[in-house]
Amino acid sequence: LYTLSQFMLEPARFCARFGWRAFTPHEREACFNYWRVLGERMGIRQIPTTVDELDAWNRAYEARAMRYSVTNQRVAEGSVLLFIKPYPRCVQPLLRRVIYALLDDRLTDAIGAPRQP
């Protein structure tokens, strides 16, 4: 359910934080409904019935479960490398910092990444 909730919530959160405009309530609800139906078809149970309920569940789950571990750090490093590897080595350190700057503090701590200004 957590992974599904990320697909349902993170696009709107990202746009609210970095986009030129936030999702409208209609867009947020449409994204939620698309992924809710997909989750139901995948057999995922106990999906909250509203986007606000899911958001509350997601935040509570992260507060309870998102902690640093070496495996988190390894997965994050591999993911960052997927993004920066195609670029020249001279810009890879900058790109790594840009990626880390886009993460919230809880995720940054959970993957053992340095916080960026």
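Residues numbered from 1 in each chain as written. Predicted model: local features only at pLDDT ≥ 70, side-chain atom pairs only at ≥ 80, totals over all residues. Heavy atoms only, no water.

## Regarding the packing of helix α2 (residues 25–41) against helix α3 (residues 51–65)
Packed helix pairs are specified by the crossing angle of their axes together with the interaxial distance, meaning the distance between the axes. Running from N to C, α2 and α3 point in directions that differ by 75°, and their axes come no closer than 10 Å. Our classification of the angle between α2 and α3 gives roughly perpendicular. On the side of α2, the interface is formed by Arg28, Glu29 and Phe32, while α3 contributes Val51, Asp52, Leu54 and Asp55. Taken together, the residues of the contact of α2 with α3 sort by class into 3 nonpolar, no polar and 4 charged. (Axes fitted to C-alpha atoms, helices over the stretch in contact; angles between N-to-C directions. Helix = DSSP H or I, 4+ residues; strand = E, 2+ residues; numbered from the N terminus. Parallel < 35°, antiparallel > 145°, perpendicular 65-115°, else oblique. Contact = heavy atoms within 4.5 Å. Nonpolar A, V, L, I, M, F, W, Y, C, P; charged D, E, K, R; others polar.)

## Focus: the pattern of salt bridges
Applying the stated criterion to the full structure yields 10 salt bridges. The partner of glutamate 77 in a salt bridge is arginine 96, with the nearest N and O atoms 2.8 Å apart. You can see glutamate 77 sitting in helix α4 (residues 70–84) and its partner arginine 96 sitting in helix α5 (residues 92–101), a full 19 residues away along the chain. Judged by relative accessible area, which is 21%, arginine 96 ranks as partly exposed. Linked through salt bridges whose partners overlap, the residues forming this network are Glu10, Arg13, Asp55 and Arg59. (Salt bridge = Lys/Arg side-chain N within 4 Å of Asp/Glu carboxyl O. Buried < 20%, exposed > 50% of the residue type's maximum accessible area, 1.4 Å probe, protein only.)

## What about the state of the cysteines?
Inspection of every chain in the model, using the stated rule, returns 0 disulfides. Of the cysteine sulfurs around cysteine 31, a residue in no disulfide, the closest is that of cysteine 15, at 9.5 Å. Owing to a relative accessible area of 16%, cysteine 31 belongs among the buried residues under this scheme. (Disulfide = S-S within 2.5 Å.)

## Quick notes on the nonpolar core
In this structure, Leu4, Met8, Leu9, Phe32, Ile47, Val51 and Leu54 together form the largest nonpolar core, which totals 7 residues. Broken down by element, this core gets its largest block of residues, 3 residues, from helix α1 (residues 2–18). Ranked by size, the runner-up nonpolar core spans 6 residues in total, among them Ala76, Val80, Ile84 and Ala113. (Core = buried A, V, L, I, M, F, W, Y, C linked by side-chain atoms within 4.5 Å.)

## Side note on the packing of aromatic side chains
Aromatic rings considered in pairs are described by the distance between their centres and by the relative angle of their planes. What the rule picks out here adds up to 5 aromatic pairs. Ring geometry for tyrosine 34 against tryptophan 35: centres 5.1 Å apart, planes inclined by 90°, an arrangement best described as edge-to-face. In this structure tyrosine 34 comes out as exposed when scored by relative accessible area, which is 51%. Measuring from centroid to centroid gives 5.3 Å for tryptophan 57 and tyrosine 61, while their planes differ by 20°, and the two rings are stacked. Within this pair, tryptophan 57 and its partner tyrosine 61 are both found in helix α3, separated by 4 residues, close to a single helical turn. According to the relative accessible area criterion, tryptophan 57 is partly exposed, its value standing at 26%. Put simply, the rings of Tyr2, Trp57 and Tyr61 pair up and form one aromatic cluster. (Phe/Tyr/Trp six-rings, centres within 6.5 Å; stacked < 30°, edge-to-face > 60°.)

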